[in-house]
Amino acid sequence: MRQLRLREVKALSRSHAASWPLGRNSNPRRSDSPRKSRILTASLRAAVPLQAPRGLHCSAAAHNSDSWLVPPWPEPRKGPTKALTLHEELFQQTLEGARDKANFVRAVQNFGQHNVHKRGHVDFIYLALRKMREYGVERDLAVYNLLLDIFPKEVFRPRSIFQSMFIHYPRQQECGIAVLEQMESHGVMPNKETEFLLIQIFGRKSYPMLKYVRMKLWFSRFKNINPFPVPRDLPQDPVDLAKLGLRHMEPNLSATVTIYQMPSSRDSTGTADPTEPHIVGIQTPDQQAALAHHNPARPIFVEGPFSLWLRDKCVYYHILRADLLPPEEREVEEIPEEWNLHYPMQLDLEYGRSGWDDYEFDIHKVEEGPVFAICMAGAHDQATLAKWIQGLQETNPALAQIPVVFRLAGSTGELLASSSGLEEPPPPEGQEEEEDSQQRQQQGQS
Amino acid sequence: MALVHRFLNGAYIFRHCPKPSASCPFLGTRFADYCSSSLQKPVAAPGKTSSQRNSEGDLQGHHQREVALDITSPEEKPEVSFDKAIKDEIKDHFRRLKDDLVNHWIGPEGRPLHEVLLEQAKVVWQFRGKEDLDKWIVTSDKTIGGRSEVFLKMGKNNQSALLYGTLSSEAPKDGESGRSGYCAMVARSPRGPFERKRAYDWSQFNTLYLRVRGDGRPWMVNIREDTDIIQRKNQMYSYFMFTRGGPYWQEVKIPFSKFFFSNQGRIRDAQYQLLLDKISSIGFTLADKVDGPFFLEIDFIGVFTDPAHTEEFAYENSPELNPRLFK
């Protein structure tokens with residue numbers, strides 16, 4: 001905790017005494033309390049003119065304060081020039097402790113303890129909203145309810161029809177809306193306690209209450225519209241994250257996820273060793289069969305890295321794919337009719353009743369070569385991916401005969417060309433590609 | 001295209017979308033908190049010329065050179081002849097007028113009536129060449145002072161369009177914006193001869209179909225109606241498009257009954273369904289508050305009739321929010 005210099009305390013108490021005649025001082029207890037912080041917070045109420053120029057320089061939140069009613073005192077400020085906002089000392093006390101929920105709650109409660117009339121609560125709430133992210137409590141509903149609890153109850157409710165026609169206590173209503181808005185942007189659904197608090201503080205016809213009703217309505221409507229939901233708490237372990245990402249990308253549920261290499265030295269330093277990153281791959285049985293049938297005369301390519309976003313984390317993956325076969329080489333597998341005598345394996349019925357039953361689009365869809373496997377690795381260089389290919393060879397013995405070309409480009413996320421080669425150099429063997437691909441990776445993955 | 005360019009720039013309304021700030025908190029839930037509704041300075045209009053220039057460049061040089069500035073490289077100065085451009089333009093417009101009159105005799109938009117009536121699936125925008133990219137405008141919050149960048153170019157083999165860039169949610173320091181960070185790609189409204197406004201008529205379809213390949217980020221699809229009423233110029237219908245990510249193409253089908261109504265970027269209390277007979281444009285927006293690079297590859301956009309979809313409108317009005325509707 002910052003120890004106050006003596007001259008600072010003197011300056012504060014001087015201004016404190018000077019503002020006596022204004023009648024704004026409501027805190028009679030001053031230097032009796034042993035804790036310096038209490039002096040500071042108590043005298044800050046009256047020392048607003050001292051704080052005002054500081055507030056202008058450092059934060060924009062001081063504009064909306066209702067303590068501007070005190071005319072600024074033209075006293076030169078002495079003491080260390082630390083740009084702190086009003087009430088920020090409350091959050092500074094917990095610097096020696098960890099920035100977690102308990103300390104945040106304690107700081108918030110400290111505001112109310114020595115300040116019965118809760119002066120400057122609007123500023124304090126704005127400040128607390130800004131500090132929530134540092135303390136990691138921005139998705140905690142109880143903390144938001146605690147912040148709403150700071151408002152004095154029953155004071156801001158309109159009592160006559162004229163008060164309800166005009167926006168009663170507009171700054172406080174704006175502040176209430178700001179709390180709800182931060183809740184909305186973090187996806188926190190308010191509960192009954194929030195509703196009760198809002199009714200107690202602002203009344204039923206107020207704008208915060210209206211916003212609460214809208215939040216309840218639209219949140220519940222849009223809660224489950226994501227067809228590919230990603231859990232809110234992503235796993236911290238990179239291997240688990242890779243498994244989640246691979247399962248997210250692969251729609252086929254019969255795919256198998258294989259871990260080819262675990263990151264070493266997990267227990268010693270806690271971070272993955274750069275020489276042994278994790279390699280996790282996924283492959284479906286259809287892809288295995290397709291790879292087994294692949295013509296060994298045609299090369300297959302390892303392309304990547306491409307980005308995948310899971311909520312707010314970006315992971316990179318590589319794919320193993322082949323080029324599209326030209327139409328003359330494509331063979332359609334024909335199942336002979338005697339294969340199954342109970343029912344036909346292939347039916348070519350015309351289901352359309354007439355011209356209006358055609359639901360196909362009149363466009364040639366983009367076709368790309370088949371993908372044989374996807375993997376996520378800790379490093380994006382050829383050595384790691386070569387290990388992946390070796391691991392794949394165990395389940396796909398045909399891979400040993402097929403030449404593999406590594407096409408590792410910068411991480412812009414575009415899937416590379418199969419045959420046009422306008423922006424790609426002609427695919428050489430893996431060795432020559434490695435040097436400029438690594439250079440490009442270093443440039444691209446900055 | 002000098003005449004068209006001048007006309008278009010004069011005809012677009014540069015409307016400054018009011019920011020959702022403390023000055024107007026009472027206009028409702030700040031649900032869609034970005035300015036995608038206003039068609040501000042088209043960032044990638046010169047981008048099409050730069051993309052033609054750089055198609056032979058290397059992969060890295062692309063992303064630095066395709067900045068939306070109107071700089072022409074010295075070795076590739078196109079032939080600028082104002083009179084010739086104007087003459088070409090006038091000829092083009094008269095040709096379109098003639099086509100329009102002739103097509104009126106054949107059927108709606110030049111196709112025979114039975115074909116139009118029986119059609120169940122229609123491709124509206126496809127990306128098979130550079131001229132298809134000209135039909136889209138790409139914007140980002142650079143227009144309000146933010147730091148996001150977005151570019152549009154043809155994808156691989158000229159078979160798809162790639163919208164890529166970086167999103168940055170750093171708020172611009174203009175004293176009134178609290179949040180920022182959006183990128184949008186909007187289609188230009190269809191125009192007839194002499195740049196007369198036309199609209200799409202999708203009244204016999206009920207679902208929007210998109211074949212895209214994304215990177216897992218959630219996008220928002222906005223549809224604007226064609227209207228002359230000024231108050232309705234900033235109103236649009238939106239819905240979310242969740243991309244899966246991965247190397248496989250994804251088919252997104254959004255029924256038109258799911259689109260909710262919003263005004264100037266904020267969702268409205270009174271909801272009513274999207275009427276499909278005068279659609280002006282469609283747009284994609286990314287504003288998911290996550291900083292970082294993104295990409296979206298689009299194959300084509302179409303509309304079709306889903307016979308299994310019978311819902312008319314997905315959102316009912318609530319008496320709490322709209323007591324006047326329930327009197």
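Residues numbered from 1 in each chain as written. Chains lettered and ligands numbered in written order. Predicted model: local features only at pLDDT ≥ 70, side-chain atom pairs only at ≥ 80, totals over all residues. Heavy atoms only, no water.

Going by what an unreviewed UniProt entry lists, chain B is known as Complex I intermediate-associated protein 30, mitochondrial and is assigned to Zalophus californianus. We quote the UniProt Sequence similarities (unreviewed entry) comment for chain B here in full: "Belongs to the CIA30 family." According to the UniProt record, the Function (unreviewed entry) comment for chain B reads "As part of the MCIA complex, involved in the assembly of the mitochondrial complex I." (UniProt positions renumbered as here; feature names shortened; annotations may be inferred.)

Chain A appears in an unreviewed UniProt entry as Evolutionarily conserved signaling intermediate in Toll pathway, mitochondrial from Zalophus californianus.

What to know about the overall build of chain B
For chain B, the count of helices and strands is six helices and 13 strands. Residues classed as buried in chain B amount to 54% of the 327 residues present. The long-range share in chain B, meaning contacts at least 24 apart out of those at least 6 apart in sequence, stands at 74%. (Helix = DSSP H or I, 4+ residues; strand = E, 2+ residues; numbered from the N terminus. Buried < 20%, exposed > 50% of the residue type's maximum accessible area, 1.4 Å probe, protein only. Contact = heavy atoms within 4.5 Å.)

A look at the sheet that holds strand β4 (residues 313-322) of chain A
All names here are of chain A. Reading across the sheet, the six strands line up as β1-β2-β5-β4-β3-β6 and stay open at both edges, with mixed pairing between neighbours. Of all strands in the sheet, those with a lone pairing partner are β1 (256-261) and β6 (404-408), marking the two edges. Averaged over neighbouring strand pairs, the angle between their axes works out to 30 degrees when direction is ignored. Relative to strand β5 (residues 371-377), strand β2 (residues 279-283) runs antiparallel, the two being bridged by four bridges. Of the residues in β5, the one forming a bridge with I282 is I374. (Pairing = 2+ DSSP bridges. Axes fitted to C-alpha atoms, helices over the stretch in contact; angles between N-to-C directions.)

Section: the pattern of salt bridges
Evaluated as defined, the whole model comprises 34 salt bridges over all chains. The partner of D88 of chain B in a salt bridge is K84 of chain B, with the nearest N and O atoms 3.4 Å apart. Taken together, the positions of D88 of chain B and K84 of chain B, both in helix α4 (residues 82-106) and four residues apart, correspond to about one turn of that helix. Overlapping salt bridges, with partners in common, bring together E303, R321, E368 and R407 of chain A together with R213 and E297 of chain B in one network. (Salt bridge = Lys/Arg side-chain N within 4 Å of Asp/Glu carboxyl O.)

Topic: the confidence of the model for chain B
Residue and element names in this part refer to chain B. When pLDDT is averaged along chain B, the result is 79, and 76% of the positions lie at 70 or above. A low-confidence stretch, residues 6-68 (pLDDT under 50), is modelled with 145 contacts involving residues beyond four sequence positions or located in other chains. The complex prediction reports pTM at 0.72, with the ipTM value standing at 0.73. (pLDDT = per-residue confidence, 0-100.)

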